[in-house]
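The residues making up each chain are set out below.
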Amino acid sequence: MDTRYGWAGKILKVDLSEKKITTVETAEYAERFIGGMGIGEKFYWDESTPAMPADDPQSPLLFMTGPLAATPAPSAPRLVICGKSPALYPEAFNSASIAGSFTAELKMAGYDGIVVTGKASQPLYLTISSEAAELKDAAHLWGLTNSKTRQLIRETWGEKTRCLTIGPGAESGSRIGTIATDAGGNGSTGFGSLMGWKQLKAIAVRGSGKIAVADPEKINAIRKAVREMAAGALE
């Protein structure tokens, strides 16, 4: 597979226990596994064990994009969040799919996904840009609602910053906490609770790059055809 097209090229690995951020090449996974879901499942397989509970610090929480996100392809903004769900009984691997502009922004910042492991010793949030990925103190954000958290992050990092956040419910030890997006959507099945247990309050991203496609003219033709079909359905 030619990962020059449809992919940013790197996946972030964030160890909250060690406050360590590294990257791996997307090409190591994209050729063998299909889209964000397939890559996320592979990372989960490698980073976890069947007996590891959802609240184990090393239980991975994964945020994965697909090859069409951040391209002109229509209806392709989905972000896959996956890991062991504390909302299921018994706990089991599960996934959530959310929309919004966070997915495209992440790819334009240069990353196709994020793998989060470990547990921070104090509340943190992750900032990602085309220049750097860093962990920041989130003590001033802990306990705030999703909307207030987004407001304060944007006051610091700019109005174009896109966020994934958790609220007080996900911080409290609930097993059904959600992850909220800028678009008013959320990822359920307890993944917000995983962020809360890991003391990861938010992920804020702002990108400036572009994702190349192999055949721009074909994608534009598909977009045109979809618009025409949608217009016809409304007549």
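Rules used throughout
- Residues numbered from 1 in each chain as written.
- Predicted model: local features only at pLDDT ≥ 70, side-chain atom pairs only at ≥ 80, totals over all residues.
- Heavy atoms only, no water.
- Pairing = 2+ DSSP bridges.
- Helix = DSSP H or I, 4+ residues; strand = E, 2+ residues; numbered from the N terminus.
- Axes fitted to C-alpha atoms, helices over the stretch in contact; angles between N-to-C directions.
- Contact = heavy atoms within 4.5 Å.
- Salt bridge = Lys/Arg side-chain N within 4 Å of Asp/Glu carboxyl O.
- Buried < 20%, exposed > 50% of the residue type's maximum accessible area, 1.4 Å probe, protein only.
- Core = buried A, V, L, I, M, F, W, Y, C linked by side-chain atoms within 4.5 Å.
- Phe/Tyr/Trp six-rings, centres within 6.5 Å; stacked < 30°, edge-to-face > 60°.

Regarding the sheet that holds strand E4 (residues 79–85)
Part 1 of the argument: One open sheet accounts for 6 strands, arranged E2-E1-E6-E3-E4-E5; its pairing is mixed. Bordering the open sheet on either side are strand E2 (20–25) and strand E5 (92–98), each of which pairs with just one other strand. Mean inter-strand twist for the sheet, computed between neighbouring axes without regard to direction, equals 20 degrees.
Part 2 of the argument: In terms of strand pairing, strand E3 (residues 61–64) meets strand E6 (residues 113–117) through 4 bridges, oriented antiparallel. Within the sheet, the bridge partner assigned to phenylalanine 63 lies in E6 and is isoleucine 114.
Part 3 of the argument: Running over the sheet, helix H2 (residues 35–47) touches strand E1 (10–15), E2, E3, E4, E5 and E6 and is turned about 155 degrees from E3.
Part 4 of the argument: Each of E3, E4, E5 and E6 is contacted by helix H6 (residues 191–198), which is oriented at about 70 degrees to E4, the strand it contacts most.

Quick word on the pattern of salt bridges
Part 1 of the argument: This model, assessed by the stated rule, comprises 6 salt bridges.
Part 2 of the argument: Across the pair aspartate 182 and arginine 154 runs a salt bridge, and its minimum N-O distance is 2.4 Å. Residue aspartate 182 is located in the loop between strand E10 (179–181) and strand E11 (186–187), and its partner arginine 154 is located in helix H4 (residues 146–157); the two are separated by 28 residues in the primary sequence.
Part 3 of the argument: Measuring nitrogen to oxygen at the nearest pair gives 2.5 Å for the salt bridge that ties lysine 201 to glutamate 171. With a gap of 30 residues between them, lysine 201 in strand E12 (residues 200–206) and glutamate 171 in helix H5 (residues 168–171) connect regions that are remote in the sequence. Pair check on accessibility: lysine 201 and glutamate 171 agree, each one buried.

Remarks on the nonpolar core
Part 1 of the argument: The biggest cluster of nonpolar side chains holds 32 residues, and the ones touching the most others in it are Phe63, Ile114 and Ile128.
Part 2 of the argument: The element that contributes the greatest number of residues to this core is H6, accounting for 4 residues.
Part 3 of the argument: Beyond its immediate stretch of four places on either side in the chain, phenylalanine 63 contacts Leu79, Val80, Ile81, Asp112, Gly113, Ile114, Val116, Leu164, Ile179, Met195 and Ile203.
Part 4 of the argument: Membership of the second largest hydrophobic core comes to 13 residues, among which are Val24, Tyr29, Ile39 and Cys82.

Some thoughts on the packing of aromatic side chains
Part 1 of the argument: Taken as a whole, this structure holds 2 aromatic pairs when the rule is applied.
Part 2 of the argument: Here tyrosine 44 and phenylalanine 93 contribute two aromatic rings whose centre-to-centre distance is 4.8 Å and whose plane-to-plane angle is 55 degrees, an arrangement assigned as tilted. Here phenylalanine 93 lies in strand E5 and tyrosine 44 lies in helix H2, a separation of 49 residues in the sequence.
Part 3 of the argument: Residue tyrosine 44 is classed as buried on the basis of its relative accessible area, which comes to 11%.
Part 4 of the argument: On the accessibility criterion, phenylalanine 93 (28% relative accessible area) is partly exposed.

Topic: the pairing of E6
Part 1 of the argument: With respect to burial, E6 is a largely interior element, 5 of its 5 residues being buried.
Part 2 of the argument: Here E6 shows a buried face lined by Gly113, Val115 and Thr117 and a second buried face lined by Ile114 and Val116.
Part 3 of the argument: The pairing of E1 with E6 spans 5 bridges and is classified as parallel. Pairing of isoleucine 11 across the sheet is with glycine 113, part of E6.

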